[in-house]
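The residues making up each chain are set out below.
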Amino acid sequence: MKKDKLKPMLFSVMKTYDAKKCVTDIVSGIIVAIIALPLSIALALASGVGPEQGIYTAIIAGFIISFLGGSRVQIAGPTAAFATIVAGIVAKNGMGGLALATVLAGVLLIIMGFLRLGSLIRFIPYTITVGFTAGIAVTILVGQVKDFLGLTYPAGTVTVETMDKAKAIGANISTINWQALAVGAVSLLILIVWPLISKRIPGSLIAVLVGICMVKFLKMDVNTIENLYSISNSLPSFTMPDFSLGMIKEVAPDAFTIAILAAIESLLSCVVADGMINSHHRPNMELIAQGAGNIGSALFGGIPATGAIARTAANIKNGGRTPIAGIVHSIVLVLVLILLMPYAGMIPMPTIAAILFMVAYNMCQWRTFVHLCKTAPKSDILVLVITFILTVVFDLVVAIEAGMIMACVLFMKRMSDVSVVSGWKYYDPEEDPDGIDLKEVPKYVRVYEISGPMFFGDADRLAGVHFKDYTQVIIMRMRGVPALDATAMHAMEQLCDRCEAAGIQLVFSHVNEQPMKTMEKSGFVDRVGRENFRPHIDDAIAWATSLEKKKEVEA
């Protein structure tokens, strides 16, 4: 397998860069920036921070990740996956805690990249990613119902957790603002219908413009961004987080979750992009870039960032083929921040809610969820549903931890179920004419065949190896054993103890590379005798026969 280079893709593609590619990259970068603008603001508000924080993230993280990244076309910025995590961190530890958690997550991502762990992300089960993605979609949807309906909550209402938000919606549904609902419904309708009219101009931009016009010209009593948040068009300034030991301990679990989620989402986005442009990304370089991008974002007032699948796909569809498009997208957003950010305050909150409703719908993968529930094994369905429920009821940290533990336990159970230690059946050729092609095994020889990996989940199966009074040799046929762990090795040593006590010789047939290395390292091969490890079952049976004949001669 070709070794993944720790070299930014930008440096590779510039060798063949020309004016034509530059023009298409610039056009694509401008279009993606227009798409990213309302999304960045909406996702920042869903994360419990100011609208400019979303723009800061798209600018800083977007630039760094495009510059250093391992993908040709990845567009990075704030994503919906982080919204609930960020909102929880901000509510608990403020912006300082969020900045520290994001910096630590960035450091973890860089370490993962240098340790070349990019390929290990594939070991996170698909059911877990589908489960927590669907759960995040539900939490985003629930979190936006208040603004979509224009509800009013009494002072002191706690709405940090998703279940708190659901209770508050139920308790205050009578305060619905019909004008807000009208703005939200029109915005949502535009977002659904507009792609059928034009794919060049993003529907979110049209929805924002229509929403602003409805509130302004129809004099509607609807909350806008400037009613709830202060708007700043200043460039991001450097801020150093509090690196105290107590704070690090407080945010460490959140930092780990951000790092894992950023790695998963960015590499999934890279894989999708590879399929669209027939290319190959560099996963470890991408992790390093994601780490650097998140550190940069946190130090300049932004929030966690990762590769955004929808914006990356839009980049590809509009002709972007090199990281220059992502860099242009960031530069355009700088100009937007300076020149147009004050006008962002006019955007109605129901329009923001409608945009996030569409984000939630597009990320929920409900068809995939239903398909898995219909077709997957019961154990996988259990992991999927529990991960989904825990994401909604508790948070992503609990969901990922519980999902991974369940997946690992169920995987070990599944491997244990397919691992078998079975003895050969013996037939009398005179009584069973159909057995003439079976291997001839002397009566004093027992043959046991082991199938499947031998690990701590099924090591006790070796206790089922038994022998008769006349048994002199036991052959362990291990051609079907790809791996052997320390617990299984201990069980093998116990079997050897039993055989030595009974005066029985162990012989091994066709031991594969990994089990053989484990046996050699533990000294087991020398204990049994290297000559008793035979390459083939026929050789093992012949060797067992010769051992018995040797005993008879010596006697």
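Within each chain, residue numbers correspond to sequence positions counted from 1 in written order. Where local features are concerned, this predicted model is filtered to residues with pLDDT of at least 70; where side-chain atom pairs are given and counted, the filter is 80 or more; whole-chain, interface and lining totals use all residues. Excluding hydrogens and water, the side-chain values take into account all heavy atoms of the structure.

(A) The arrangement of the pairing of strand S5 (residues 473–480) in detail. Burial within S5 is extensive, with six of its eight residues counted as buried. One requirement defines pairing of two strands: DSSP has to find at least two bridges between them. Numbering of helices and strands runs from the N terminus, with a helix taken as a DSSP run of H or I at least four residues long and a strand as a DSSP run of E at least two residues long. In this sheet, S5 lies alongside strand S4 (residues 445–451) in parallel orientation, the contact comprising six bridges. Pairing of Ser-451 across the sheet is with Gly-480, part of S5. Handedness of a crossover is defined as follows: orient the strands so they point away from the viewer, and if the path from the first strand over the helix to the second runs clockwise, the crossover is right-handed. With helix H18 (residues 486–501) bridging S5 and its parallel neighbour strand S6 (residues 505–509), the resulting β-α-β unit is right-handed. Relative accessibility thresholds used throughout: buried, under 20% of the residue-type maximum; exposed, over 50%; partly exposed, between the two (1.4 Å probe, protein chains only).

(B) The arrangement of a nonpolar patch on the surface in detail. The patch calculation keeps residues exceeding 30% relative accessible area without a salt bridge and links them within 9 Å when they carry like charges or within 5 Å when they are nonpolar (Val, Leu, Ile, Met, Phe, Trp, Tyr). Each accessible area value is a Shrake-Rupley result obtained with a 1.4 Å probe; residue values ignore everything except the protein chains displayed when judging cover. The rule for a salt bridge is simple: a side-chain nitrogen of Lys or Arg has to be within 4 Å of a carboxyl oxygen of Asp or Glu. A contiguous nonpolar surface patch, about 620 Å² in accessible area, is contributed by Leu-235, Leu-335, Ile-338, Leu-339, Leu-340 and Tyr-343. In this structure, Leu-335 sits in helix H13 (residues 324–340).

(C) Representation of unusual backbone geometry in the model. In this structure, Arg-116 is a non-glycine residue whose phi angle is positive, near 60 degrees. The residue Arg-116 is located in the loop between helix H4 (83–114) and helix H5 (126–149) in this model. Using a relative accessible area of 30% as the deciding quantity, one classes Arg-116 as partly exposed. Unlike most non-glycine residues, Gln-365 shows phi in positive territory, near 55 degrees. Assignment of secondary structure puts Gln-365 in the loop between helix H14 (349–364) and helix H15 (366–375). In this structure Gln-365 comes out as partly exposed when scored by relative accessible area, which is 29%.

(D) Looking closely at the confidence of the model for the protein chain. Per-residue confidence for the protein chain gives a mean pLDDT of 88, with 94% of residues at or over 70. Known as pLDDT, the predictor's confidence for each residue is given on a scale from 0 to 100. The contact rule is simple, with two residues in contact once any of their heavy atoms fall within 4.5 Å. A low-confidence stretch, residues 431–437 (pLDDT under 50), is modelled with one contact involving residues beyond four sequence positions or located in other chains.

(E) Inspection of the packing of aromatic side chains at higher detail. Only rings of Phe, Tyr and Trp enter the pairing, Trp through its six-membered ring, and a pair is recorded when the two centres are within 6.5 Å. The plane angle decides the type: under 30 degrees is stacked, over 60 is edge-to-face, the rest tilted. Inspection of the entire model under this criterion finds seven aromatic pairs. With a centroid separation of 4.8 Å and 45 degrees between ring planes, the pair formed by Phe-148 and Phe-357 is classed as tilted. Here Phe-148, found in helix H5, pairs with Phe-357, found in helix H14; they are 209 residues apart in sequence, far enough to count as distant. For the pair Phe-148 and Phe-357, one class covers both residues: buried. Between Phe-369 and Phe-388, the aromatic rings sit 5.4 Å apart at their centres with planes inclined by 65 degrees, giving edge-to-face as the arrangement. Highlighted residues: Phe-369 in helix H15 and Phe-388 in helix H16 (residues 378–393), separated in sequence by 19 residues. For Phe-369, a relative accessible area of 15% corresponds to the buried category. Put simply, the rings of Phe-11, Phe-63 and Phe-67 touch in pairs and so form one group of aromatic residues. One cation-aromatic arrangement involves Lys-443 over Tyr-470; the distance from NZ or CZ to the ring centre is 4.8 Å. The criterion for a charge sitting over a ring is simple: Lys NZ or Arg CZ within 6 Å of the ring centre, and within 35 degrees of the ring normal.

(F) Region of interest: the nonpolar core. If you look at the biggest cluster of nonpolar residues, it comprises 97 residues, and the most contacted ones within it are Ile-41, Phe-132, Ile-140, Ile-347 and Ile-352. Once you skip the residues sitting within four places of it in the chain, Ile-41 turns out to touch Pro-51, Ile-55, Ile-225, Met-341, Ala-344, Ile-347 and Ile-352. Counting residues in each nonpolar core, the second largest holds 27 residues, with Leu-462, Leu-506, Phe-524 and Val-525 among its members. As used here, the term nonpolar core means buried Ala, Val, Leu, Ile, Met, Phe, Trp, Tyr and Cys residues forming a set that is joined through side-chain atoms within 4.5 Å.

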